[in-house]
Amino acid sequence: MRDIARARLAMGQELKELRLDARLTGRQLAARFGWQASKISKIEGGKQSPSEDDIQAWCEATGRPEKVPSLIASLRAMEILYGEWRRQLRLGTATRQRSWAEMEAETTHFRVFESVLIPGLLQTSEYARLRLSQVIAFHDVPDDLEDGLATRMRRQEVLYGRDKSFHFVILEAALRLGMAPSDVMLDQLERLTALSLMPRLRLGIVPMSAQLPFAPQHGFWIFDDRAVHVETVAAELTLTLPEEVAQYARLFDWFAQAAQYGQQARWIIMKSMEALASGA
């Protein structure tokens, strides 16, 4: 979230400098366009984002129309950082899945942490169907379940790219929580076992008995060293500041060090399968 706040504040400061250079007070600028005076202070203080029309008017009033293209480009980049789910999903889940596929195609090294879910690239079709059904129902977006599911499953082709490498870290809780009926979950765990044997894919399971290095507040995906993607209930967040990416990389390393790999990870998966099969 600090990425967005900093970007908004930086834009506000740039707009303030334009106003001061033009020797205009905030009240004078607001009066010119019939704005409330508080709008100027909110924009300049990074409390409110300007619209593209606001930027156009601001630059014309301060005699700097040449600044419009760069400021609007910054605004649009900032809007990409914080995308409300309803806006992202308004055309259905398939559109969002294709956006993920584009991001994944541009990435060489993936680091993925999940605390309660199986990551999308590792999901079986039935497990993915449940997840997408929940998204459609909760956010009340167009029901394109079959198209969204097919697109999500096609995304998994990236796992076989020779120029890609993957490091997944999953809490054992994600294997045991009631996120799917037992038969669906058993199939999903079998798939995890098979995927753990793939080249260029490293699967770590953090056992329930491990002392966690940090509170697992949410899952996250790190795309190379350029971006971190975080999903919340109401929105999705893309962090791109180097220091933010570095923080998440450090957190990923902490969880990765607590994880079990190879045969030990498969043993944890097997014990989860046995518990499911017995109803324990």
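Our subject is the structure that appears above.
Here's a quick rundown of the structure.

Here is what the cut-offs are and how they apply
- Residues numbered from 1 in each chain as written.
- Predicted model: local features only at pLDDT ≥ 70, side-chain atom pairs only at ≥ 80, totals over all residues.
- Heavy atoms only, no water.
- Phe/Tyr/Trp six-rings, centres within 6.5 Å; stacked < 30°, edge-to-face > 60°.
- Helix = DSSP H or I, 4+ residues; strand = E, 2+ residues; numbered from the N terminus.
- Buried < 20%, exposed > 50% of the residue type's maximum accessible area, 1.4 Å probe, protein only.
- Lys NZ or Arg CZ within 6 Å of the ring centre and 35° of its normal.
- Axes fitted to C-alpha atoms, helices over the stretch in contact; angles between N-to-C directions.
- Parallel < 35°, antiparallel > 145°, perpendicular 65-115°, else oblique.
- Left-handed = near helix turned anticlockwise from the far one by under 90°.
- Contact = heavy atoms within 4.5 Å.
- Nonpolar A, V, L, I, M, F, W, Y, C, P; charged D, E, K, R; others polar.

Considerations on the packing of aromatic side chains
Going through the model one piece at a time under the given rule, you end up with 12 aromatic pairs. Look at Trp-100 and Trp-221: their rings are 5.0 Å apart centre to centre, the planes differ by 65°, and that puts the pair in the edge-to-face class. With Trp-100 in helix H7 (residues 93–105) and Trp-221 in strand S5 (residues 220–223), this pair connects stretches of sequence that are 121 residues apart. With a relative accessible area of 5%, Trp-100 lands in the buried category. Overall, the relative accessible area of 6% leaves Trp-221 in the buried class. Through a chain of ring-to-ring contacts, the aromatic side chains of Trp-100, Phe-110, Phe-166, Phe-168, Trp-221 and Phe-223 assemble into a single cluster. A cation over a ring is seen here: Lys-39 above Trp-35, with NZ or CZ 4.2 Å from the ring centre. Cation over ring: Arg-202 sits above Tyr-261, and NZ or CZ is 4.0 Å from the ring centre.

Re the packing of H7 against helix H9 (residues 145–155)
Where H7 meets H9, the closest approach of the two axes is 8 Å, and the angle between their N-to-C directions is 10°. Viewed along their axes, H7 and H9 adopt a mutual orientation that is roughly parallel. Seen from above, H7 lies across H9 with left-handed handedness. Residues Thr-93, Ala-94, Gln-97, Arg-98, Trp-100, Ala-101 and Glu-104 of H7 pack against Asp-147, Gly-148, Thr-151, Arg-152 and Arg-155 of H9. A per-class count over the contact of H7 with H9 returns three nonpolar, four polar and five charged.

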